[in-house]
Amino acid sequence: MHPLRSLILAAAGNDAIRRLVATAPVSRDVVRRFVAGETTADAVAVTREVVASGRSVTLDHLGEDVADVAHADENVRAYLELLDALHAEQLAARAEVSVKLSAVGQKLSERVALDNASRVCAAAEQCGTTVTLDMEDHATTDSTLRVLAELRRTWPSTGAVLQSYLHRTLTDCGRLASTRVRLVKGAYAEPAAVAFGGHEVDLNYVRCANALLAGDGYPMFATHDPRLVRIVGERARWYDRKPGTYEYQMLFGVRPDEQRRLAQEGETVRVYVPYGSQWYGYLMRRLAERPANTTFFARALVSH
Ligand code: FAD
C-alpha cells in the first residue's frame, strides 16, 4: 500500500486524531469548508445560502458501508428528517438528495437497499424533489443499476451516476441517455482490468458526455476540471442544448468562484453538500482512496 495512504487510513481510525482535527481552529475551518456541519439544521442553513446565490443543491447525509439494519434505518430517518426540513423551509424545489446504497443496507442485501431507498424516494416525491443514487466501487455497479431501474418504475426521475474511469461506462451512457444521469470521473481505487487511468479517464469523460448530450435525457456534468467544463459547454452548444436542459455539479467548497461564474452565465449549477457526524471518515477516505485526491483537497485549500 502507498505509505501516504496507509498513514491516512491509520489516522481515519484513530479517535484521538479525530478529536484533534475537530477542535483545532485551522482544521475546523477545513472541515467547514467541505462539510456543511453535523446536523439537519446545519445542512438546511448551508442549502439556504447556496440557493440564495443562484445555485442548486444535492445533499449527502454522510455514512457508508453500514453493517446492520438498525444503522441503515438511522440513515434513512436522517434523510426523511432532512426532506421534511427542506420542504418546511421551501427549499425542496432547488435541493435534492444524494444517497449511497451502502449507507442504507446494500451490503446486507439488495432488497434491504431497495426498500430503504424507496422510502427516501417516496418522501422526496412528497416534498417535491428527487433522489440521485451515488455510485460506489465497481463491484457494486450492477447492483446499484438494478436498484435504480426498480426505483425508476415508480420514480422515473431518480438520478443515476456513471463513472468515466470504467471501461463499461460508454455503453451504460448509451443505455441511460434518455434519463437523468450524473457523469463523474470516479473516486475509488479500481483495478486496471475494469478502469482506465490517467488521460484516458478524461477522454472517456468527453465520449460519455457526447453520448449523454446526444440523448434526450438530463445530463449532470460533475467535475471541477476546467478543460472538461469548457469542452462540455462547447459540446452542449454543438448539440443545440439550451442551459437548463443539462447542468454542472461541483462539490461544496471546491472552486466556488467558478460555480458562481457559471451560474451568473445562466447555467444550472448544483452543489454537492455533505453533512452529518460521519464527516471525519468522509474526508479521510476521500484522501486515502486515490493519492490524487490528497492534492485535490490540498489544492482547494491553497486556491481559496
Ligand atoms: P480532477 O481530475 O480531480 O482534477 C482535474 C483538474 O480540475 C485539476 O487539474 C484542476 O485544474 C481542477 N481542479 C480539481 N480540483 C480542484 C480544486 N480543488 N481547486 C481548483 N481546481 C481544481 N465519484 C464517484 O465515484 N461516485 C459519485 O457518486 C460521485 N459523485 C460526485 C458528485 C459531484 C457533484 C462531484 C463534483 C464529484 C463526485 N464524485 C463522485 C467524485 C468524482 O468522481 C471525482 O473523484 C472528483 O470530482 C475529482 O475529479 P474532477 O473531475 O473534479 O477533476
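Treat the numbers as computed from the prediction; the structure is a model and nothing was measured.

Q: Please explain the sheet that holds strand β8 (residues 269–275) as it appears in this structure.
A: Note on sheets: strands pair through backbone hydrogen bonds, and any given pair is parallel or antiparallel. Ordered by their spatial adjacency, eight strands build an open sheet running β3-β2-β1-β8-β7-β6-β5-β4, and the pairing between neighbours is parallel. Here the strands that pair on one side only, and so sit at the sheet edges, are β3 (131–133) and β4 (160–163). Ignoring strand direction, the axes of neighbouring strands in this sheet form an average angle of 30°. Sheet topology note: the strand β1 (residues 56–61)/β8 ladder contains six bridges and is parallel. The residue bridging S56 from the neighbouring strand is R270, located in β8. In the packing of helix α8 (residues 169–176) onto the sheet, contacts are made with β4 and β5 (180–184), and the angle to β4 comes to roughly 150°.

Q: Before we go on, may I ask you to explain the pairing of β4 in this structure?
A: Two faces belong to every sheet, and in a regular strand the side chains alternate between them. A two-sided burial pattern is seen for β4, the buried positions comprising A160 and L162 on one face and V161 and Q163 on the other. Relative to β5, β4 runs parallel, the two being bridged by four bridges. Residue pairing across strands places L162 opposite L183, the latter belonging to β5. In this fold, the crossover linking β4 to β5 by way of α8 has right-handed handedness.

Q: Looking at this model, I keep getting lost on helix α6 (residues 110–127). Mind explaining?
A: One turn of an α-helix holds 3.6 residues; hence residues three or four places apart share an orientation. An ideal rise of 1.5 Å per residue puts 26 Å on 18 residues; α6 measures up with 26 Å between its terminal C-alpha atoms. Within the sequence span of α6, burial applies to A113, N116, A117, V120, C121, A123, A124 and C127. Along the axis of α6, the buried positions cluster into a sector of 165°, meaning they face one direction only. Here the buried face of α6 lies against α5 (69–88), β2 (95–99), β3 and α7 (141–154). Looking one or two residues past α6, G128 carries a phi angle of roughly 85°, positive in sign.

Q: Explanation requested: unusual backbone geometry in the structure shown.
A: A negative phi angle is the norm for most residues apart from glycine, just as the trans form is the norm for most peptide bonds. Backbone geometry places Q90, a non-glycine residue, at a positive phi of 55°. Note that Q90 resides in the loop between α5 and β2. Here D240, not a glycine, exhibits a phi torsion of approximately 60°, which is positive. Looking at where D240 falls in the secondary structure, it is placed in the loop between α10 (226–238) and β7 (247–251).

Q: Just checking my understanding: could you explain the environment of C208 for this structure?
A: Tracing the backbone through its elements, the reader meets C208 in helix α9 (residues 199–214). In the structure, C208 is positioned 71 residues away from D137 in sequence and 19 Å away in space, judged by C-alpha atoms. Beyond its immediate sequence surroundings of up to four residues, C208 is in contact with L162, S164, T169, L170, C173 and L183.

Q: Would you mind showing me how to read the pairing of β8 here?
A: Most of β8 sits inside the fold, with seven of its seven residues counted as buried. The alternating pattern of β8 places V269, V271, V273 and Y275 on one face and R270, Y272 and P274 on the opposite face, and all of these are buried. Of the pairings in the sheet, the one linking β7 to β8 comprises four bridges and is parallel in character. Its bridge partner lying in β8, M250 is registered against V271.

About the thresholds
Residues numbered from 1 in each chain as written. Predicted model: local features only at pLDDT ≥ 70, side-chain atom pairs only at ≥ 80, totals over all residues. Pairing = 2+ DSSP bridges. Helix = DSSP H or I, 4+ residues; strand = E, 2+ residues; numbered from the N terminus. Axes fitted to C-alpha atoms, helices over the stretch in contact; angles between N-to-C directions. Contact = placed C-beta atoms within 7 Å. Buried ≥ 20, exposed ≤ 12 C-beta atoms within 10 Å, placed from the backbone. Right-handed = clockwise from strand over helix to strand, strands pointing away. Expected span 1.5 Å × (residues − 1). Arc of directions from axis to C-beta.

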